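# Summary of structural features
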Amino acid sequence: GGTMALKRLRKERQMLDTDVAEGKGDVLSVATVDDDFYKWQLLVRVPDDGWVYSKAVLTLVLEFPRDYPFKPPRTISVTTPDMRHPNFNAQNGQACTNCFFGERRDWSPAFTYATVVKELLSYFARDGGPRQCCVLNSSAWTKYQKQRVAFEAHARAWSTTWATADPMLRAAPHAVRLARCAQLLGTSAN
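Reading the values: rules and limits
Residues numbered from 1 in each chain as written. Predicted model: local features only at pLDDT ≥ 70, side-chain atom pairs only at ≥ 80, totals over all residues. Heavy atoms only, no water. Salt bridge = Lys/Arg side-chain N within 4 Å of Asp/Glu carboxyl O. Helix = DSSP H or I, 4+ residues; strand = E, 2+ residues; numbered from the N terminus. Buried < 20%, exposed > 50% of the residue type's maximum accessible area, 1.4 Å probe, protein only. Contact = heavy atoms within 4.5 Å. Polar contact = N/O pair within 3.5 Å; in protein donor to acceptor, adjacent residues only side chain to side chain. Phe/Tyr/Trp six-rings, centres within 6.5 Å; stacked < 30°, edge-to-face > 60°. Lys NZ or Arg CZ within 6 Å of the ring centre and 35° of its normal. Arc of directions from axis to C-beta. Pairing = 2+ DSSP bridges.

## Let's talk about the pattern of salt bridges
According to the stated counting rule, one finds seven salt bridges in the structure shown. When the shortest N-O distance is used, the salt bridge between arginine 13 and aspartate 17 registers 3.0 Å. In this pair, arginine 13 and aspartate 17 both sit in helix α1 (residues 2-21), four residues apart, roughly one turn of the helix. Exposure remark for arginine 13: the relative accessible area of 12% places this residue in the buried category. Between aspartate 67 and lysine 71 there is a salt bridge whose closest N-O contact spans 3.6 Å.

And the structure:
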């Protein structure tokens, strides 16, 4: 089943590369991970809706199954350090794909990487989340529920740290952008 998936991913990647080059959309950069075309790393900007996560740049990893697009990405992770978002695992940044696409109930082969990115960004929007449906970081959820001011202060500071508005980044290679984001927080780029 990998041939069809690879053909589809190549087509989507070509569209994404064009959008990135033209500065369209929320994806700032994309690269394959370890030369594996089924695993993509993207730098994605959270849209500015005035909430605590506005303009943060997320490092997102999507791992596609060999039977894509009939099944959703196997792994959806935000690997930006120190995020503390209730719907993402604190250790590895992994999102609950069931929360995204409910065990294939809501997944359609018509969906693309862009569908996944849009859904992911909704978790960082004022109107979207954090959501109770899939809490993977219980301490962040408790803080969100019981100490909202402290939660929002951390999220705002984190987003400000990761809001790399540097226009030169758009023209830089993916690895340079990733290193620049890491440099802002004083962490390594992986």
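Having seen the model, we can carry on.
## Concerning the environment of arginine 74
Following the sequence through the fold, arginine 74 ends up in the loop between β3 (57-63) and β4 (75-78). Taking the C-alpha atoms as reference, arginine 74 lies 7.4 Å from threonine 97; in sequence the two are 23 residues apart. In contact with arginine 74, other than residues within four places in its own chain, are Glu63, Phe64, Pro65 and Thr97. Side chain to side chain, arginine 74 and glutamate 63 meet in a polar contact 2.6 Å long.

## As for the packing of aromatic side chains
According to the stated counting rule, one finds 13 aromatic pairs in the structure shown. Here tyrosine 53 and phenylalanine 124 contribute two aromatic rings whose centre-to-centre distance is 5.0 Å and whose plane-to-plane angle is 90°, an arrangement assigned as edge-to-face. Residue tyrosine 53 is found in the loop between β2 (36-45) and β3, and its partner phenylalanine 124 is found in the loop between α3 (113-122) and α4 (138-146); the two are separated by 71 residues along the sequence. A centroid spacing of 6.3 Å and a plane angle of 45° characterise the contact between tyrosine 68 and tryptophan 107, whose relative ring orientation is tilted. Placement of tyrosine 68 in the loop between β3 and β4 and of tryptophan 107 in the loop between α2 (97-101) and α3 is noted, with a sequence separation of 39 residues between them. When sorted by exposure, tyrosine 68 lands in the same class as tryptophan 107, which is buried. Of note, arginine 10 hangs over the ring of phenylalanine 37, and the distance from its end group to the ring centre comes to 5.8 Å.

## What to know about the side chain of arginine 8
Mapped onto the elements, arginine 8 comes out in helix α1. Setting aside residues no more than four positions away along its own chain, arginine 8 makes contact with Tyr68, Pro69, Pro109, Ala110, Phe111 and Thr112.

## Quick word on α4
If you check which residues of α4 are buried, you get Ala140, Trp141 and Tyr144. Burial along α4 is one-sided: seen end-on, the buried residues are contained in an arc of 100°. Seen from the open side of α4, the exposed residues pointing more than 90 degrees away from its buried face are Ser138, Ser139 and Lys146.

## Describing the pairing of β3
Of all seven residues in β3, seven are buried; the element is thus mostly enclosed. Bridge analysis of β2 against β3 gives seven bridges, and the strand direction is antiparallel. Looking at β3, one finds that lysine 39 is bridged to glutamate 63. In terms of strand pairing, β3 meets β4 through four bridges, oriented antiparallel. The residue bridging leucine 60 from the neighbouring strand is valine 78, located in β4.

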